[in-house]
Amino acid sequence: MAQLELIHISKSFNEMTAVQDFNLAVEAGEFISFLGPSGCGKTTTLRMVAGFEIPTSGVIQLDGMDLTPLPPNRRNMGMVFQSYALFPNMTAAQNVGYGLRVAGKPRVEIEQRVIEMLDLIQMHDFAERYPNQLSGGQQQRLALARALAIKPRVLLLDEPLSALDAKIRLELRQEIRRIQRQLGITTIYVTHDQEEALSLSDRIVIMRRGVIEQVGTPQQIYNFPASDFVAEFVGHINLLPVEVVQADAGVVRLGSQVVRAGQFGHLNGRPVRLAVRPEELKAGSVEGANNLTGMIESVTYLGAIVRIRVDVDGQLVSLDMFNERSLEIPVVGQPFHVNFPVEACWLTNGVKN
Amino acid sequence: MKKKNNPWAIFWAVLAMLYFFVPMLGTFIFSLRMKRGVLSFLAYQSVLSDANFLRSFRYSATMGVVTVIVSVVLLLPSVYWIYIKAPKMKPVMEIISILPFVIPVIVLVFGLIRTFGRPPFQLTLSSFGTDVLIAAGYVIISMPYMYRAIDVGMRSMDVRTLTEAAQNLGSNWFQVLTLVILPNLRIAILSGALICFATVMGELILGDFLVRPALGSYMAGVGRSKAYEPAALAIISYGLTWLCLGLIQYFSRGRSQQQLTGR
Ligand SMILES: Nc1ncnc2c1ncn2[C@@H]1O[C@H](COP(=O)(O)OP(=O)(O)OP(=O)(O)O)[C@@H](O)[C@H]1O
Ligand SMILES: [Mg+2]
């Protein structure tokens, strides 16, 4: 049985629906990310789990027990805030020990636990510092240690890294995952950074306007997006208007060039688009694959990858090439051949499958 | 960089200082003239040895302390509650908090007497009842200062998130207030308390109309009947006010050492 279950959760703020019919079962030890654009209800959902918001309808269960009647201070959830929210009047050690102190734990136990937690985040040398004497990254690590010190059932993080600069963000991301694995703690991680979600999560929940669009492993989300929204929101994708030639075989025409798609549903009357990720496209022609011919429209050198846009009968098709020292960068205006396997692309008519 | 002092700025500063200090200096010198021909602290001696002065000083000081305590106990939870639960109420609270500036104290006094001096309250019958009334009056008069001080303190930290963090770690409301909110408001409350205290020490009308031995009334009385002592009293009360201001300065300097924001 799942450890944490959200069952038909909805939340409205006077007439405005922030979250709608949210269903999710989180397994013990699982790392789940909520990913979605701003205002899609990620924070609201997390706050309902923490007890800071009461669902308008639905039930949240922890180990089969209804959490609804429990106030936030009796839920035993460790929360990490975007703004750190460390207590400015307390030292690092006092911050970490706070939860045990209000729980009335004996002093020796508190001290032991504080040392243990500071070791975990490698900050034993900073025990006596006040929060304003620490860097942003250190403050957030401290906030993490403080949340973990009470041995919470579930760890909740609301965009914990978004106030930090890129390098620290990357470092801390790995540290969060390491600690999470080490403790085996069930974790919900809110972010609007797709890279964070993809690299950290066991499963990702993609949200849009208060509704779940898709739940799946990072690979499922990326390779088999359940909707155009997911496909476009996570990573880059070509979505090219095409004309259906043979609906039952997935054969379509892009401009004047024929393409066969590996996956297609019911292609009813609506306009159909061909979806394929830029990294699936290769330069050159290959027998048996989909082949397109066009003209180089632009070339963007990004270091590890080179993003090329090819004008195929008036449609712009993006393709990503890996950089190599010997790579000859294509020239704008020249004719260019690209190919991609049939299985790499699919057809969509905008209806969620 | 323009670091040279503007001569006009200096001129105006000096003028303002003169405007402020010349009368004070005059008062001070005058207060030393009680004994003909020599400068002495006789007027101060006379004031400080007056039993009535000591009585009214003690009375007002006690009232000051009571006012501070009542103000904090009333305002701290209210302001906190507004920050946490009803931020929309803030403008309303702002308006209420400046009402004492708008309504003359004399109106307040008559209102208090007419409402609470009659049955069923009849508070003015006993001196304790009157003290309760006068303390209530002081709390109202000093509310703008106390409210503002607490408000500024709350604004300097992320009250809401800190509260949620504390709750999340298992604290009940009392623990949130005493372990997290109050310690971070220490300086704000202290400065509010000192202004509050200074206000009560100088308040004239309430003590006068409710016939209680307040320092303000005493000073006014002395001013009417004597020559040198009022000057000495004025200097003493100035000194007291400045002491309070100095203490505020001193304590708020600690701010920079200690982080005050929860952000
Ligand atoms: N206390 C509130 N009162 C009214 N509306 C609210 C409240 N909290 C959130 N909302 C609304 O609910 C919706 C979802 O908000 P939420 O904070 O959950 O979004 P989010 O996904 O966390 O976005 P972001 O990535 O910007 O943090 C938003 O439209 C927001 O305006
Ligand atoms: Mg949010």
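The shown structure was predicted, so the numbers you read here are calculated from the model rather than taken from an experiment.

## Focus: the packing of aromatic side chains
Residues and elements named next belong to chain B. Going through the model one piece at a time under the given rule, you end up with 19 aromatic pairs over all chains. Where Phe11 meets Trp12, the ring centres are 5.2 Å apart and the plane angle is 70 degrees; that geometry is what we call edge-to-face. When its relative accessible area of 40% is taken as the criterion, Phe11 is described as partly exposed. Three or more aromatic residues link up through ring pairs in this structure, and these residues are Phe20, Phe21, Tyr238 and Trp242.

## Description of the interface of chain B and chain A
Taken together, the contact between chain B and chain A spans 24 residues of the former and 25 residues of the latter. A:Arg47 is the salt-bridge partner of B:Glu164, the closest N and O atoms lying 2.8 Å from each other. Here chain B and chain A share eight residue pairs in polar contact (both at pLDDT 80 or more) between them. Within the residue set of the side of chain B that touches chain A, elements represented by two or more residues are helix H7 (159-168) and helix H8 (173-202) of chain B. Broken down by element, the side of chain B that touches chain A gets its largest block of residues, seven residues, from H7(B). Residues of the side of chain B that touches chain A, tallied by class, amount to eight nonpolar, 13 polar and three charged.

## Structural notes on helix H3 (residues 107-120) of chain A
Residue and element names in this part refer to chain A. Over its 14 residues, H3 extends 20 Å from the first C-alpha to the last, a length consistent with the 20 Å expected when each residue adds 1.5 Å. Taken together, the buried positions of H3 are Ile110, Arg113, Val114, Met117, Leu118 and Leu120. One face of H3 carries all of its buried residues, which in axial projection span an arc of 150 degrees. Away from its buried face, by an angle of more than 90 degrees, H3 presents the exposed residues Val108, Gln112 and Ile115. On the buried face of H3, the contacting elements are helix H2 (92-102), helix H4 (136-149) and helix H5 (166-183). Directly beyond the C-terminal end of H3, a positive phi value near 55 degrees is found at Gln122.

## Focus: the pattern of salt bridges
Applying the stated criterion to the full structure yields 18 salt bridges over all chains. When the shortest N-O distance is used, the salt bridge between A:Arg141 and A:Glu175 registers 3.6 Å. With a gap of 34 residues between them, A:Arg141 in helix H4 and A:Glu175 in helix H5 connect regions that are remote in the sequence. Salt-bridge contacts for B:Arg212 lead to B:Asp131; the nearest nitrogen and oxygen are separated by 2.7 Å. Of the two residues, B:Arg212 sits in the loop between helix H9 (205-209) and helix H10 (215-225) while B:Asp131 sits in helix H6 (residues 127-155), which places them 81 residues apart along the sequence. Considered together, B:Arg212 and B:Asp131 belong to a single accessibility category, that of buried residues. One network of salt bridges, in which partners are shared, links A:Arg47, A:Glu53 and B:Glu164.

## Some remarks on the layout of surface pockets
In this model, the largest pocket occupies a volume close to 390 Å³. Around the largest pocket, the lining comprises 18 residues; the ones closest to its centre are A:Phe52, B:Ile84, B:Lys85, B:Arg160 and B:Glu164. Secondary-structure elements contributing two or more residues to the lining of the largest pocket are helix H3 (51-85), H7 and H8 of chain B. If one sorts the elements of the lining of the largest pocket by residue count, H7(B) sits on top with four residues. The class makeup of the residues in the lining of the largest pocket is seven nonpolar, six polar and five charged.

## What to know about the site of ligand 1
Residue and element names in this part refer to chain A. Every residue lining ligand 1 is accounted for by Phe13, Met16, Ala18, Ser38, Gly39, Cys40, Gly41, Lys42, Thr43, Thr44, Glu159 and His192. Within the backbone of Cys40, an N or O atom sits 3.2 Å from an oxygen atom of ligand 1. Here an oxygen atom of ligand 1 sits 2.5 Å away from a polar atom, N or O, in the side chain of Thr43. With three residues, the single largest contributor to the shell around ligand 1 is helix H1 (residues 42-50).

## Here's the deal with the domain arrangement of chain A
Residue and element names in this part refer to chain A. When its domains are assigned, chain A resolves into domain 1 (4-231) and domain 2 (236-348). A separation of 39 Å is found between the C-alpha centroids of domain 1 and domain 2. Facing seven residues of domain 1, the contacting portion of domain 2 comprises seven residues. Contact with domain 2 buries surface across domain 1, with Tyr222, Asp228 and Ala231 losing the most and accounting together for 77% of the total. Joining domain 1 to domain 2, the criterion identifies one salt bridge. We note a salt bridge from Arg273 to Asp228, for which the minimum N-O separation is 3.2 Å. Between the two partners, domain 1 and domain 2, sit five residue pairs in polar contact (both at pLDDT 80 or more). Looking at the side of domain 1 that touches domain 2, the elements that each hand over two or more residues are helix H7 (218-223) and helix H8 (228-233). Of the residues in the side of domain 1 that touches domain 2, the class split is five nonpolar, one polar and one charged.

## Some points on the nonpolar core
Among the nonpolar cores identified, the biggest contains 66 residues, and A:Phe22 and B:Met154 are the most heavily contacted of them. If sequence neighbours within four positions are ignored, A:Phe22 has contacts with A:Leu6, A:Ile7, A:His8, A:Ile9, A:Phe34, A:Thr45, A:Val205, A:Met207 and A:Ile212. Listed in part, the 35 residues of the second largest apolar core include A:Val80, A:Leu86, A:Ala93 and A:Leu120.

Parameters at a glance
Residues numbered from 1 in each chain as written. Chains lettered and ligands numbered in written order. Predicted model: local features only at pLDDT ≥ 70, side-chain atom pairs only at ≥ 80, totals over all residues. Heavy atoms only, no water. Phe/Tyr/Trp six-rings, centres within 6.5 Å; stacked < 30°, edge-to-face > 60°. Buried < 20%, exposed > 50% of the residue type's maximum accessible area, 1.4 Å probe, protein only. Contact = heavy atoms within 4.5 Å. Salt bridge = Lys/Arg side-chain N within 4 Å of Asp/Glu carboxyl O. Polar contact = N/O pair within 3.5 Å; in protein donor to acceptor, adjacent residues only side chain to side chain. Helix = DSSP H or I, 4+ residues; strand = E, 2+ residues; numbered from the N terminus. Nonpolar A, V, L, I, M, F, W, Y, C, P; charged D, E, K, R; others polar. Expected span 1.5 Å × (residues − 1). Arc of directions from axis to C-beta. 1 Å grid on protein atoms, 1.4 Å probe; cavity = no way out; pocket = protein on both sides within 12 Å on 5 of 7 lines; lining within 4 Å. Points joined across faces, edges and corners; volume = space filled by probe spheres on them. Near = heavy atom within 4 Å. Domains from an automatic or database assignment. Buried area = accessible area lost by both parts, 1.4 Å probe. Core = buried A, V, L, I, M, F, W, Y, C linked by side-chain atoms within 4.5 Å.

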